[in-house]
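If you want the building blocks of each chain, they are given just below.
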Amino acid sequence: MTGNRLYIPRGSTADANYVFDVDPKRAGWEYSGLRIVELGAGGTHTFTTGDSEWIVLPLQGGCTVQMGTDVFQLLGRESVFASVTDFAYAPRDAQVQIASGAGGRFALAGAKCERRLPARYGPAPEVPVEERGSGTQLRHVRNFASADAFECDKLIAVEVITPGGNWSSYPPHKHDEHRPGVEAELEEIYWFEIDGPNGFGYQRVSPSREGGSDVLAEVRSGDAVLVPDGWHGPSIAQPGHDMYYLNVMAGPGPTREWRICFHPEHTEGYR
């Protein structure tokens, strides 16, 4: 697919409920979705999960998440660059209310799923954080809903902080084929925030097959890039401006796993 369809500028999918809203239909695939909701002081937002599971992830501020008799108080954070955050898991076929006394901004990371798992709270101290890469390839990965950190049916979601001037999502990699034990087929959303005024970064997606996805986008806060297939990376942060992205993934595989294949032309000498 062309870059124009896969690059989503800030505000281009906004509606009365969300400042960003990409569901599987709009993305042109089957599973992964992402919504961003902004609430003023004392604001509330109610939605039904339908045939998808969702994670309510504070980006800025805290909130209360209620699903029937389950009520979770999310302390949240000042910004995505400040710290990890706690979060709440909402199962399919549920009604969810988000309420925020002070107001804030909240991501709803979702995936069409089959099993109905219980509603749960994800404490911030239990989020695994890893340093990946080294030197100018160093980045910090917050594996709040990675396949081995938090149980979901289909959804995989992580946050990445790339220091200004560094490359992440490198070497370029792909996960667009089902090859048991080697590669998992996953649709992926990158949603960006850049630290500081006028900051920007770059995101590359290159074809892994004839006619495949091809994107080179300058990204700013609130922009997103869809990755239905192809080699994705690098993600490049402007010097002096740290880059944040939220990755949301899901796919048709019988097991929930993150298995990737690195681009063979970019792995020599990588550490």
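Residues numbered from 1 in each chain as written. Predicted model: local features only at pLDDT ≥ 70, side-chain atom pairs only at ≥ 80, totals over all residues. Heavy atoms only, no water.

**Q** Any chance you could explain the side chain of threonine 13 here in plain terms?
**A** In this structure, threonine 13 sits in the loop between strand S1 (7-8) and strand S2 (20-22). On the accessibility criterion, threonine 13 (10% relative accessible area) is buried. At 3.0 Å, the side chain of threonine 13 and the backbone nitrogen of aspartate 21 are in polar contact. (Helix = DSSP H or I, 4+ residues; strand = E, 2+ residues; numbered from the N terminus. Buried < 20%, exposed > 50% of the residue type's maximum accessible area, 1.4 Å probe, protein only. Polar contact = N/O pair within 3.5 Å; in protein donor to acceptor, adjacent residues only side chain to side chain.)

**Q** Would you mind showing me how to read the nonpolar core here?
**A** Formed by 50 residues in total, the largest nonpolar core has its most connected members in Leu34, Ile55, Leu57, Phe144, Trp191, Val225 and Leu246. Among the elements that take part in this core, strand S21 (residues 243-250) stands out by supplying 6 residues, more than any other. The residues contacting tryptophan 191, other than those within four sequence positions of it, are Phe20, Leu34, Ile36, Leu59, Arg105, Gly222, Asp223, Ala224, Tyr244, Tyr245 and Leu246. Core analysis: the next-biggest nonpolar cluster, separate from the first, contains 18 residues, Val37, Phe47, Trp54 and Ala119 among them. (Core = buried A, V, L, I, M, F, W, Y, C linked by side-chain atoms within 4.5 Å. Contact = heavy atoms within 4.5 Å.)

**Q** Which parts of the structure should I look at to understand the pairing of strand S7 (residues 87-90)?
**A** Looking along a regular strand, one sees the side chains alternate between the two faces of the sheet. What you see with S7 is no split at all: Phe87 and Tyr89 on one side and Ala88 and Ala90 on the other are buried throughout. Sheet topology note: the strand S5 (residues 52-67)/S7 ladder contains 3 bridges and is antiparallel. Along S7, the bridge assignment pairs isoleucine 55 with tyrosine 89. For S7 and strand S10 (residues 120-122), the ladder comprises 3 bridges, and the chain directions are antiparallel. From the neighbouring strand, alanine 88 faces S10, where its bridge partner is tyrosine 121. (Pairing = 2+ DSSP bridges.)

**Q** What is the right way to look at the packing of aromatic side chains in this model?
**A** Aromatic ring pairs are described here by two measures, namely the spacing of the ring centres and the angle between the planes. By the definition in use, this model includes 11 aromatic pairs. Residues tryptophan 167 and tyrosine 170 carry aromatic rings whose centres are separated by 5.3 Å and whose planes lie at 75° to one another, so their mutual orientation is edge-to-face. Taken together, the ring pairs in this structure connect Phe87, Tyr89, Phe144 and Phe150 into an aromatic cluster. Cation over ring: lysine 174 sits above tryptophan 231, and NZ or CZ is 5.8 Å from the ring centre. (Phe/Tyr/Trp six-rings, centres within 6.5 Å; stacked < 30°, edge-to-face > 60°. Lys NZ or Arg CZ within 6 Å of the ring centre and 35° of its normal.)

**Q** What is the right way to look at the pairing of strand S19 (residues 224-227) in this model?
**A** Along S19, one buried face is formed by Ala224 and Leu226 and the opposite face, lined by Val225 and Val227, is buried too. Of the pairings in the sheet, the one linking S1 to S19 comprises 2 bridges and is antiparallel in character. Note on S19: the bridge partner recorded for isoleucine 8 is alanine 224. Note: strand S16 (residues 187-194) against S19, 4 bridges, orientation antiparallel. Residue pairing in the sheet places isoleucine 189 in a bridge with leucine 226 of S19.

**Q** Sorry if this is basic, but what is going on with the pattern of salt bridges here?
**A** Should their charged atoms come close, side chains of opposite charge can pair. All chains considered together, the criterion is met by 18 salt bridges. In this structure, the salt-bridge partner of arginine 105 is glutamate 193, at a minimum N-O distance of 2.5 Å. Taken as a pair, arginine 105 in strand S9 (residues 104-112) and glutamate 193 in strand S16 lie far apart in primary sequence, 88 residues in all. Between aspartate 176 and lysine 174 there is a salt bridge whose closest N-O contact spans 2.9 Å. On the basis of relative accessible area, lysine 174 is assigned to the buried category, the value being 6%. Bridged by salt links that share partners, the residues Lys174, Asp176, Glu177, Arg179, Glu183, Arg209 and Asp229 form one connected network. (Salt bridge = Lys/Arg side-chain N within 4 Å of Asp/Glu carboxyl O.)

**Q** Just checking my understanding: could you explain the side chain of arginine 256 for this structure?
**A** Following the sequence through the fold, arginine 256 ends up in the loop between S21 and strand S22 (261-262). With no salt bridge to any partner, buried arginine 256 finds its closest opposite charge in glutamate 53, at an N-O distance of 5.8 Å. (Lys, Arg positive; Asp, Glu negative; His and termini not counted.)

**Q** Help me out: how do you make sense of the state of the cysteines in this one?
**A** Between two cysteines, a covalent bond joining their sulfur atoms is known as a disulfide. Inspection of the entire model under this criterion finds 0 disulfides. Take cysteine 63: it sits in no disulfide, and the sulfur closest to it among the cysteines is that of cysteine 152, at 17 Å. Free of any disulfide, cysteine 152 has its nearest neighbouring cysteine sulfur in cysteine 113, separated by 8.9 Å. (Disulfide = S-S within 2.5 Å.)

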